[in-house]
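Per-entry structural report
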Amino acid sequence: MSLSLLCRRCTRLLARPTGVVAPVSSKGPVNLELCLRYFSSTPAVLASRAAAKKPKLTKKQLALIAKKRAEKRERNAYAQEKMTLSDAIAVLRAVEVARPQSTYEITIRTAMSRGAPVPTGRINLPREAKPKKEARILVFAEGRQAEEARRAGAHVVGGLELVESVAAGKHNNCTTVLCTTSLIRGIASKLGRVLGPRGLMPSERRGTVTDDIEGYISRLSSTTEWRGDKSGTIRMPIAKMHFPIEDVVKNVKLFVANVKRATGNLKDGDGEADAKVEKGKSKSKSIKPVNAITRILLSSTQGPGILIRDL
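Before going into details, it helps to say that this report is about the structure given with it. What you see is a predicted model; the values in this text were computed from it and never measured.

Structural notes on the environment of Thr107
Looking at where Thr107 falls in the secondary structure, it is placed in strand 4 (residues 103–110). It is 7.0 Å that separates the C-alpha atoms of Thr107 and Thr233, two residues lying 126 residues apart in sequence. For Thr107, the contacting residues outside a window of four places in its chain are Thr233, Ile234, Arg235, Arg295, Ile296 and Leu297.

A look at the nonpolar core
In terms of nonpolar packing, the biggest core is built from 28 residues, with Tyr104, Ile106, Ile108, Met236, Ile238, Phe255 and Leu298 touching the most fellow members. Of all the secondary-structure elements, those providing two or more residues to this core are helix 4 (85–95), strand 4, strand 10 (233–240), helix 9 (245–263), strand 11 (293–299) and strand 12 (306–308). Setting aside residues up to four positions removed in sequence, Ile238 forms contacts with Tyr104, Glu105, Ile106, Leu125, Arg127, Ala129, Asn251, Val252, Phe255 and Leu298. Formed by 17 residues, the second largest nonpolar core is a distinct cluster that contains Val156, Val166, Cys179 and Ile184.

Considerations on the pairing of strand 8 (residues 176–179)
Burial along strand 8 is two-sided: the face carrying Thr176 and Leu178 and the face carrying Val177 and Cys179 are both buried. Taken together, the four bridges between strand 6 (residues 137–140) and strand 8 define a ladder with parallel strand orientation. Residue Leu138 lies in a different strand from strand 8, and its bridge partner there is Val177.

Some remarks on the packing of aromatic side chains
Overall, the coordinates contain one aromatic pair when judged by the stated rule. An angle of 80 degrees between the planes, with centres 6.0 Å apart, marks the rings of Trp226 and Phe255 as edge-to-face. Separated by 29 residues along the polypeptide, Trp226 in strand 9 (residues 224–227) and Phe255 in helix 9 bring together distant segments of the chain. Phe255 shares its class with Trp226; the two are buried.

Quick notes on the rules
Residues numbered from 1 in each chain as written. Predicted model: local features only at pLDDT ≥ 70, side-chain atom pairs only at ≥ 80, totals over all residues. Heavy atoms only, no water. Helix = DSSP H or I, 4+ residues; strand = E, 2+ residues; numbered from the N terminus. Contact = heavy atoms within 4.5 Å. Core = buried A, V, L, I, M, F, W, Y, C linked by side-chain atoms within 4.5 Å. Buried < 20%, exposed > 50% of the residue type's maximum accessible area, 1.4 Å probe, protein only. Pairing = 2+ DSSP bridges. Phe/Tyr/Trp six-rings, centres within 6.5 Å; stacked < 30°, edge-to-face > 60°.

Don't take any of this as a statement about function, it's just geometry.
In structure tokens:
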């Protein structure tokens, strides 16, 4: 009997459920390990692997990841380069050569501490970049101060009788609300939740609670308000691209000086003298804390933001 026949016979015997019979040849017993191949007739079963759950990241970890990704992003050529004001204007004019109606924008970043008031102020630029919007003024005043407000050009003037109409939304088109010191307590409790979210609630810090209503309205009509955001960054359109370079430089320098004065960064003699006068007026008032300026950038509509080093 040949070896191939024995292998086939052994395979049939092994496949039977009764048992396994070792084949015997004329030459002696056959080694099954050499002549048999073991096959399984059942399909392979793969073990199910449980999908590994990703751990939930905290807000701090997500912020760190976002910061690292932002650092890896490609930055523009002027990201770390500082220029003089005249050089920055020349670069932006070259970028915007086909767009004479583009706007210069100045960005001032401050190191505003947590809980500090948002920097704000008013300025009258020598040449405005945008036409001024007409402010609609509502004044809470009585007697002589009410007459002064009407002469100065206030659109709505009245006493505590205006509280109900303002709360009902009758004067929602007003952009500025002023109040005298004698009436602020009467309207604060009733209109705080109405005017507060819109940024119109009169406050002493902003100067909208004052007895010099006429003077405030005259300043309001001739100046433009600037205001920082929650992080202390101030942005302001400063000039048009077709303005002469001299006008752009004047606007930029005047605005930066105004911001420095409002944030306590003005180091000249006038600023110190003003602080001493204010301190002498009232013992409760102290010198305004310094909100340090970290960066000053000049940009345009389609141009890059360029760091300015000589301001």
